[in-house]
Amino acid sequence: MQGKRVVAKSVAAVMVLCLCVSAAQASSHDGMTSLSNPWNPAIMGAEKALDRSITVTTTTPHAGAFDGFSSWSAFADYDSGKTNDKRQGGFDNYFNSYTVGADALYNNSTLWGFLGNFNDAKGHSSAGARDAIETWAYTLYMSQPVNDWMFWGSSFSYSTAGNKINSAGEIDSDSYVLAPYVTVMTQMDKLTLSLSPSYVLGYQDVDYPGVGGGDSALMGKMLLMGRATYAVTEKFSVSANLNYNQVLHNHALDTEFDNDHRWFTTGVKLGYKFTSSLSGSLGYSTELDSNFDSDIWTVGLCYAF
Amino acid sequence: MPGIPSGLSGIFFDAMKSLFTKQYAWSCLVLFILGGTFLSGCKSTDIVVPLKVQPRTGLRVAFDSFINVHYDKNRTLSGWPTTCDAVEMTLKLWYEQVQVRQHIVDGTPSDLADFFSQLPGPEQCDISVVYLGSIQDIDGNWEFVNGTTAKLTDVLASAHLPQHPCRIVILDTCHAATVGGDENWTRHFAAVTLLASGRMEKTYQFEPSALAPIDVEKHYPKAWGWAQTYLRPDWKKQISYLGLMWMETTANTPVPPADTTSWRCFFEQCRNRGVTFRQVIGRRWGSQLQSLTGSPEPPCLTNSGLP
């Protein structure tokens, strides 16, 4: 009990600290397809996987034994967003993103899941160049409880993107993102708090079919995801998250910016249980940053079998 | 700002932009969250006062319990000790002479065999109530917290079991109905058994304070009132599904059962409340409670009263 209180206080303290520090931080970002971009579909896939792990871990326990795969869930998300790169020559894009996935508990303890995502982005720069980016991303994830207040997990995402820019031809890229994490969580009646530090390692291979040649990038960052969920009623819940991103090392395509990028993303999500099996959510997320702006709305459905 | 592209994203963003400016949206959300929290905190805390029951005199009742609770890997059955406490408290409210005997938590298969062997005989009590809780698989194998497994009916068969004509057993496990096919269970062990789940079913835990998976206070105010009145003030606010149905039925039972027939009728009422739960709330979290008897019994007189 004492341990849980200490964890609860620690989680709350770190989240408050993150919120305070966020006001003082300013950061910069690389281009649209860069791994340093928080809205890179492979990075988003890793974060969605972490989000699923937290959600499933708080499901209702039962007195059943190990029995292979059980407690299947299928889910679908639609994200629609605007990303605004305020730097000179930066692109402003609107995107639609479609995600479907499924996960299940193996032996009643380990979560295994898969999600696929298609992201379609279009926009133009202040100089008049237009771009169109289509990305397919696939993510495999798992999580395993350590005890009743901690679990660890990992996700692996692969994405392939085609970026057409009318003034510069086409750019194709393949991205690989590995994101191991640990989550500590505590529940105080209707309020659940969680804190998930993660190391996100991404590799990106870029080809320029039009002009020939290619390039590659390697980026490692720390992602600290804090989340609070409050059950207003048995059907309706509100959750808020605050994610701190700190690039730890960066050998990027765009070397214009230093390797010490840091930024915050934050959002709120309203959840509603239509039935005991079907739930829906509506969320909004944005970025706390001076050079880069974004507004993303998400609607989602989840069915638990 | 770029021009809004045609298509779904443009329509969606036009709508959102006209509906919310950034500051307005955040203000609304903060107000909404604070308002919800406030209203939630302002909810009435009136508790339904449970029925006063006149305890039965002249009956000696013994209570024994064996529960596996502290499994590793986040599978702790935190709500099951609460159910055990609820059963014990029910007996203390219903009978003047209650002897709490064995209370084994996190035992081994040999501990379970010893537990069965040390159950009271008819010379020691008039009614023997036994509560059993554990993780159990579909074949009736119990998982013990030390990692071993053993079939419940095999352990029962290996024990030197003292028979009792009025042994009342509560089996609070997943796949509980698997014991129904065991003749030893109904012939030599239990006169009446309350099973928490069907052969293919899991039985879940409820957290009344977390509103998961349902708002217990809203849907079962009598059970909530009974728990708040009779359980320890610091009870963990976690309970098994059988425990929830037990408390709701107990809170509506004016006359304590006196024999196997009236116990079976009490269990039938628990079962009926389970049926209603599945009809009203949904089937996902509610397992099928069942009563199991060794021999044909006369039907219960009513749904609301005990004979």
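Residues numbered from 1 in each chain as written. Chains lettered and ligands numbered in written order. Predicted model: local features only at pLDDT ≥ 70, side-chain atom pairs only at ≥ 80, totals over all residues.

## Observations regarding the overall build of chain A
No. 1: When helices and strands are counted, chain A shows two helices and 12 strands.
No. 2: Taken from the N to the C terminus, the helices and strands of chain A come in the order α-α-β-β-β-β-β-β-β-β-β-β-β-β.
No. 3: Each of the 305 residues in chain A was classed as buried or not, and the buried ones make up 43%.
No. 4: Put simply, 62% of the contacts in chain A that link residues at least 6 apart link residues at least 24 apart. (Helix = DSSP H or I, 4+ residues; strand = E, 2+ residues; numbered from the N terminus. Buried ≥ 20, exposed ≤ 12 C-beta atoms within 10 Å, placed from the backbone. Contact = placed C-beta atoms within 7 Å.)

## Focus: the overall build of chain B
No. 1: Scanning chain B for helices and strands turns up 10 helices and 11 strands.
No. 2: Counting over 307 residues, chain B shows a buried share of 42%.
No. 3: Across chain B, the fraction of contacts at a sequence separation of at least 24, relative to all contacts at a separation of at least 6, is 78%.

## Some details on the packing of helix H8 (residues 221–230) of chain B against helix H9 (residues 241–251) of chain B
A pair of packed helices is characterised by two quantities: the angle between their axes and the separation of those axes.
All names here are of chain B.
No. 1: Where H8 meets H9, the axes come as close as 8 Å, and the angle between the chain directions of the two elements is 90°. Considering the angle they form, H8 stands roughly perpendicular to H9. Within the contact between the two elements, H8 uses Lys222, Ala223, Gly225, Trp226 and Ala227 and H9 uses Leu244, Met247, Glu248, Thr250 and Ala251.
No. 2: Grouping the amino acids of the contact of H8 with H9 by side-chain chemistry returns six nonpolar, two polar and two charged. (Axes fitted to C-alpha atoms, helices over the stretch in contact; angles between N-to-C directions. Parallel < 35°, antiparallel > 145°, perpendicular 65-115°, else oblique. Nonpolar A, V, L, I, M, F, W, Y, C, P; charged D, E, K, R; others polar.)

## Considerations on the sheet that holds strand E11 (residues 290–293) of chain B
Residues and elements named next belong to chain B.
No. 1: Judged by pairing direction, the sheet is mixed, and its six strands sit side by side in the order E2-E1-E3-E7-E8-E11 without closing on themselves. Where the open sheet ends on each side, the last strands, each with one partner, are strand E2 (95–105) and E11. The mean inter-strand angle of the sheet, taken between neighbouring strand axes irrespective of direction, is 15°.
No. 2: Of the pairings in the sheet, the one linking strand E1 (residues 56–67) to E2 comprises eight bridges and is parallel in character. Residue pairing for E2: phenylalanine 63 is matched across the bridge by valine 100. (Pairing = 2+ DSSP bridges.)

## Examining the pairing of strand E10 (residues 262–273) of chain A
Residue and element names in this part refer to chain A.
No. 1: Two strands pair when backbone bridges link them, and strand E9 (residues 236–251) and E10 are joined in this way by 11 bridges, in the antiparallel orientation. Bridge pairing in E10 places glutamine 246 opposite arginine 262.
No. 2: Note that E10 and strand E11 (residues 278–288) share 10 bridges and pair antiparallel. Within E11, the residue paired with valine 268 across the bridge is tyrosine 284.

## Some points on the pairing of strand E1 (residues 69–85) of chain A
Residues and elements named next belong to chain A.
No. 1: Sheet topology places E1 next to strand E2 (residues 91–106); 14 bridges connect them, and they run antiparallel. Of the residues in E2, the one forming a bridge with aspartate 77 is threonine 99.
No. 2: With antiparallel pairing between neighbouring strands as the criterion, E1 and E2 make up a hairpin whose turn holds five residues, including glycine 89 at a positive phi of roughly 80°.
No. 3: Across 13 bridges, E1 lies against strand E12 (residues 292–304) in antiparallel orientation. Looking at the pairing, aspartate 77 lines up with glycine 300 of E12.

## Some remarks on the sheet that holds strand E6 (residues 149–151) of chain B
All names here are of chain B.
No. 1: Spatially, the three strands line up as an open sheet ordered E4-E5-E6, and their pairing is antiparallel. In this open sheet, the two edge strands, each paired with only one partner strand, are strand E4 (135–136) and E6.
No. 2: As paired strands, strand E5 (residues 141–143) and E6 are joined by three bridges and run antiparallel to one another. Paired with glutamate 143 across the bridge in E6 is threonine 149.

## Concerning unusual backbone geometry
Residues and elements named next belong to chain B.
No. 1: With omega at -5°, the peptide bond leading from alanine 212 into proline 213 counts as cis.
No. 2: Relative to the helices and strands, proline 213 is located in the loop between strand E9 (205–206) and helix H7 (216–219).
No. 3: If you check the backbone angles, histidine 175 has positive phi at about 50° while not being a glycine.
No. 4: Considering the arrangement of structural elements, one finds histidine 175 in the loop between strand E7 (167–172) and helix H6 (183–189).
No. 5: Given 27 C-beta atoms within a 10 Å radius, histidine 175 is considered buried.

## As for the nonpolar core
No. 1: B:Val61, B:Ala223 and B:Leu244 are the most contacted members of the largest nonpolar core, which totals 73 residues.
No. 2: When residues no more than four places from it in sequence are discounted, the contact partners of B:Leu244 are B:Phe206, B:Val216, B:Tyr220, B:Ala223 and B:Ile239.
No. 3: Counting 21 residues, the second-largest nonpolar core is a separate cluster that includes A:Ile54, A:Val177, A:Ala179 and A:Met219. (Core = buried A, V, L, I, M, F, W, Y, C linked by C-beta atoms within 7 Å.)

## Concerning H8(B)
Residues and elements named next belong to chain B.
No. 1: Residues of H8 that are buried: Ala223, Trp224, Trp226 and Ala227. The arc enclosing the buried residues of H8, seen along the axis, measures out at 160°, which places them on a common side.
No. 2: Looking at the packing, one finds that the buried side of H8 touches H7 and H9. (Arc of directions from axis to C-beta.)

## Details of the environment of B:Leu195
Residue and element names in this part refer to chain B.
No. 1: Here leucine 195 shows up in strand E8 (residues 192–195).
No. 2: Classification of leucine 195 as buried rests on a count of 28 C-beta atoms within 10 Å.
No. 3: Discounting chain neighbours no more than four positions away, the residues touching leucine 195 are Leu171, Ala176, Ala177, Leu289, Gln290 and Leu292.

## Some remarks on helix H10 (residues 260–280) of chain B
All names here are of chain B.
No. 1: The end-to-end C-alpha distance of H10, which contains 21 residues, comes to 30 Å, matching closely the 30 Å that a straight helix rising 1.5 Å per residue would cover.
No. 2: For H10, the full list of buried residues reads Thr260, Trp263, Arg264, Cys265, Phe266, Phe267, Glu268, Gln269, Cys270, Arg273, Gly274 and Phe277.
No. 3: Backbone geometry just downstream of H10 places glycine 282 in the positive-phi region, at approximately 135°. (Expected span 1.5 Å × (residues − 1).)

## Brief notes about the packing of H9(B) against H10(B)
All names here are of chain B.
No. 1: One can describe the packing of H9 onto H10 by two numbers: an axis separation of 9 Å at closest approach and a directional angle of 115°. Crossing of H9 over H10 shows right-handed handedness. Taking contact as the criterion, the partners of Met245, Trp246, Glu248 and Thr249 in H9 are, on H10, Phe266, Gln269, Cys270, Arg273 and Gly274.
No. 2: For the contact of H9 with H10, the residue count by class is four nonpolar, three polar and two charged. (Left-handed = near helix turned anticlockwise from the far one by under 90°.)

## Overview of the environment of B:Ile104
Residue and element names in this part refer to chain B.
No. 1: Locating isoleucine 104 in the fold gives a position in strand E2.
No. 2: Taking the C-beta count within 10 Å as the criterion, isoleucine 104 has 17 such neighbours and is therefore assigned partly exposed.
No. 3: Counting along the chain gives 38 residues from isoleucine 104 to phenylalanine 66, while the straight-line C-alpha distance between them is 4.6 Å.

## Some thoughts on the confidence of the model for chain B
Residues and elements named next belong to chain B.
No. 1: Mean pLDDT for chain B: 85, with 80% of residues reaching 70 or above.
No. 2: This stretch, residues 1–6, has a pLDDT under 50; its non-local contacts, to residues over four places away or in other chains, come to 10 contacts.
No. 3: Long-range and interchain partners of residues 302–307, a stretch whose pLDDT sits below 50, account for 13 contacts in this model, where long-range means more than four residues apart. (pLDDT = per-residue confidence, 0-100.)

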